[in-house]
Amino acid sequence: MTNKKPTYQELENKIEKLTNEIMSFNKELEFQNKEKGKRAAELIIANKELSFENEEKEKRAAELIIANKELLFQNSEKEKRAVELIIANKELVYQNELKEKRADELAIAKEQAEESDRLKYAFLANMSHEIRTPLNSIIGFSKIISEKSEDSDENRKMRYFVEYNSNILIKIIDDIIDISKIEAGIVKFTFEPVNLHNFLTDIYNNQKQILEDSKKNLLELHYNKPKDDITIRSDKFRLGQIFNNLISNAIRYSESGAIEFGFDIMESHLQFYVKDTGVGLSETDQVNIFSRFYKAASNETLRGIGLGLAIVKQLVEKMDGKIWVESEIENLPDGKKGGSTFYFSLPYQKASIPVPEVQNKSNPVDIKGKLALVAEDDDGNFYLTKMLLEEMGINVLRAVNGLEAVEICKVNDNISFVLMDIKMPIMDGLEATTKIRESKKDLLIVALSAHVMDEAKITALNAGCNDYISKPVDREKLYTHILKYEND
């Protein structure tokens, strides 16, 4: 078979075809290369992104590791804190148990202290009663014996010493009772309008008599009257107790010169003073003089137990005031006397006294021939009261106990008044008064008792008594109380 040579046209067509195929292949190859470049760029970007994400993951992983460590630390701290809270809670429970235990102990101690105060108060009240009962007879009969005896200097001197020493004993008992009441917190204050000039005038008259009785002829008492007549709100009894204590002390510790007292008006308070020319007080005494049972070195030879100024200080402070002393005793020029000045200040509370209604004066009442019932179990006190009443012309019946007093009042309508002792056997005076009041609404009943406590007077009045007289009782006191009601 003979091979036929291609024609030129055929070769040209083949070459063209091959050229087209090569060009097409090149275009495809170029496209593929572009795609590969594009893909490579995308892969580079993807790789960078992946690398960034890996870095972020590593960073996040590191943060998670740190957070995990922090969480572990926080959990450890919480556990530690929980343990501390458990310990603290146990300590708190323990402290609360101790507080409750202490509160119980304090409550028991408070009850015991209050019971101790009550027992001490009851003991002192009973002691006061038991001492005042015989003292009533001693003082009363000594006066009567002195009056019936020869009026000689010796008899007057003996009477003075009996009365003086009896009063000292009563003062000691009253001071002990007062300081006990103050410390127990049972002192009551009654504030009312007090005209200071009238009040201090009464103080002056009372202390003037005490000074005269002391026979200290070289000693004078001066009341410096105020320029203005003022009325304040105060407790008249307690204010009087303060002044009487201070002035009585000044009289006791001064032999010559003068004692002055009065007051000055300050902006918001009143400053009272008692000035003497007595022995004076050292600096040590000035610091301690208001302490219980303290006696100044210069005063140790004088009678007393050192409670008066302690009571004064307590009363002043409970009335929202202050008290202090100024004194001279050392390094004084020749011819100059020492002395002390006691000052105390009280709030200046102005008050006005109501104008009393004008009443017609009663005509003098003749009490002679009246019939009195004296309910008294103590023979000495009964006979003393009987003598005092008979001197006034009053007839006397006696009851030795409360029950007998009730029975006598039931059957006797002629009785004008009853003097009722409180502490008696079988039936006391309070119960007897209550029973008498059931049928004798208008009968005058005056409690005549050795009890001096405020509560005793209140209890007696609540039981139905019209008035209360504390022993020792004298003729003037008894006569005044009887006339007060007979004039009504």
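A brief look at the structure comes next. In this text, all values refer to a predicted model and were calculated from it rather than measured experimentally.

Criteria and thresholds
Residues numbered from 1 in each chain as written. Predicted model: local features only at pLDDT ≥ 70, side-chain atom pairs only at ≥ 80, totals over all residues. Heavy atoms only, no water. Helix = DSSP H or I, 4+ residues; strand = E, 2+ residues; numbered from the N terminus. Rg over C-alpha atoms; globule rule 2.2 N^0.38 Å. Buried < 20%, exposed > 50% of the residue type's maximum accessible area, 1.4 Å probe, protein only. Contact = heavy atoms within 4.5 Å. Areas by Shrake-Rupley, 256 points an atom, 1.4 Å probe, with all protein chains shown as cover. Pairing = 2+ DSSP bridges. Right-handed = clockwise from strand over helix to strand, strands pointing away. Salt bridge = Lys/Arg side-chain N within 4 Å of Asp/Glu carboxyl O. Polar contact = N/O pair within 3.5 Å; in protein donor to acceptor, adjacent residues only side chain to side chain. Axes fitted to C-alpha atoms, helices over the stretch in contact; angles between N-to-C directions. Core = buried A, V, L, I, M, F, W, Y, C linked by side-chain atoms within 4.5 Å. Patch = residues over 30% accessible without salt bridge, like charges linked within 9 Å, V, L, I, M, F, W, Y side chains within 5 Å. Lys, Arg positive; Asp, Glu negative; His and termini not counted. Charge placed at Lys NZ, Arg CZ, Asp CG, Glu CD.

### Some details on the overall build of the protein chain
So, step 1. Across its full length, the protein chain carries eleven helices and twelve strands.
So, step 2. Rg of the C-alpha trace for the protein chain: 52 Å, well past the compact-globule value of 23 Å for 488 residues, more than 25% over.
So, step 3. Once the C-alpha set of the protein chain is aligned to its principal axes, its extents read approximately 205 × 75 × 50 Å.
So, step 4. Taken across its 488 residues, the protein chain has 35% of its residues classed as buried.
So, step 5. If you take every contact in the protein chain between residues at least 6 apart in sequence, the share linking residues at least 24 apart comes to 70%.
So, step 6. On the protein chain, roughly 30,700 Å² of surface is accessible, and the fraction owed to carbon and sulfur atoms is 53%.

### Considering the pairing of strand E10 (residues 415-420)
So, step 1. Counting buried positions along E10 yields five of six residues, so the element is predominantly enclosed.
So, step 2. Where strand E8 (residues 371-375) and E10 come together, five bridges link them in parallel fashion. Of the residues in E10, the one forming a bridge with Val 374 is Leu 419.
So, step 3. As judged from the four bridges shared by E10 and strand E11 (residues 444-449), these two strands associate in the parallel manner. Note on E11: the bridge partner recorded for Phe 417 is Leu 444.
So, step 4. For the crossover from E10 across helix H9 (residues 429-437) to E11, the handedness is right-handed.

### Looking at the pattern of salt bridges
So, step 1. Per the counting criterion, the structure on display carries eleven salt bridges.
So, step 2. Linking Lys 386 and Glu 390 is a salt bridge whose minimum nitrogen-to-oxygen distance equals 2.7 Å. Of the two residues, Lys 386 and Glu 390 both sit in helix H7 (residues 379-391), four residues apart, roughly one turn of that helix.
So, step 3. Its relative accessible area of 40% is what places Glu 390 among the partly exposed residues.
So, step 4. The partner of Glu 407 in a salt bridge is Lys 410, with the nearest N and O atoms 3.9 Å apart. Pair noted here: Glu 407 and Lys 410 are both in helix H8 (residues 402-411), with a separation of three residues, about one helical turn.
So, step 5. Residue Lys 410 is classed as exposed on the basis of its relative accessible area of 54%.

### So, the side chain of Lys 440
So, step 1. Relative to the elements of secondary structure, Lys 440 occurs in the loop between H9 and E11.
So, step 2. Reaching out from Lys 440, the side chain makes a polar contact with the backbone oxygen of Cys 409 at a distance of 3.5 Å.
So, step 3. Discounting chain neighbours no more than four positions away, the residues touching Lys 440 are Cys 409, Asn 412 and Asp 413.

### So, the sheet that holds E8
So, step 1. Strand order across the open sheet formed by five strands is E9-E8-E10-E11-E12, with parallel pairing between neighbours. The outermost strands of the open sheet, each flanked by one partner alone, are strand E9 (395-399) and strand E12 (467-470). For this sheet, the mean inter-axis angle between neighbouring strands, taken without regard to orientation, is 25°.
So, step 2. Contacts from H7 reach E8, E9, E10 and E11 within the one sheet, and its direction differs from that of E9 by about 160°.
So, step 3. Contacts from H9 reach E10 and E11, with the element oriented near 155° to E10.

### A closer look at the nonpolar core
So, step 1. Counting residues in hydrophobic clusters, the biggest one holds 44 residues, and the most contacted among them are Leu 196, Phe 243, Phe 261 and Phe 344.
So, step 2. The biggest single contributor to this core is helix H4 (residues 236-252), with seven residues.
So, step 3. The contacts of Phe 261, once residues within four sequence positions are left out, are Leu 200, Ile 203, Tyr 204, Leu 221, His 222, Tyr 223, Asn 224, Phe 243, Ile 247, Tyr 273 and Val 274.
So, step 4. In this structure, Val 418, Leu 443, Ile 445 and Ala 447 belong to the second largest nonpolar core, which totals 23 residues.

### A look at a negative patch on the surface
So, step 1. Taken together, the side chains of Glu 49, Glu 53, Glu 55, Glu 56 and Glu 58 make up a negatively charged region of the molecular surface.
So, step 2. Relative to the elements of secondary structure, Glu 56 occurs in helix H1 (residues 8-148).

### Considerations on the sheet that holds strand E2 (residues 219-223)
So, step 1. Strand order across the open sheet formed by five strands is E2-E4-E5-E7-E6, with mixed pairing between neighbours. Pairing within the sheet leaves two strands with one partner each, and these edge strands are E2 and strand E6 (322-328). Sheet twist, expressed as the mean angle between neighbouring strand axes with direction ignored, is 15°.
So, step 2. In this sheet, strand E7 (residues 339-347) lies alongside E6 in antiparallel orientation, the contact comprising seven bridges. The residue of E7 that forms the bridge with Ser 327 is Ser 340.
So, step 3. Sitting on the sheet, helix H3 (residues 196-213) is in contact with E2, strand E4 (257-265) and strand E5 (269-275), with an inclination near 170° to E2.

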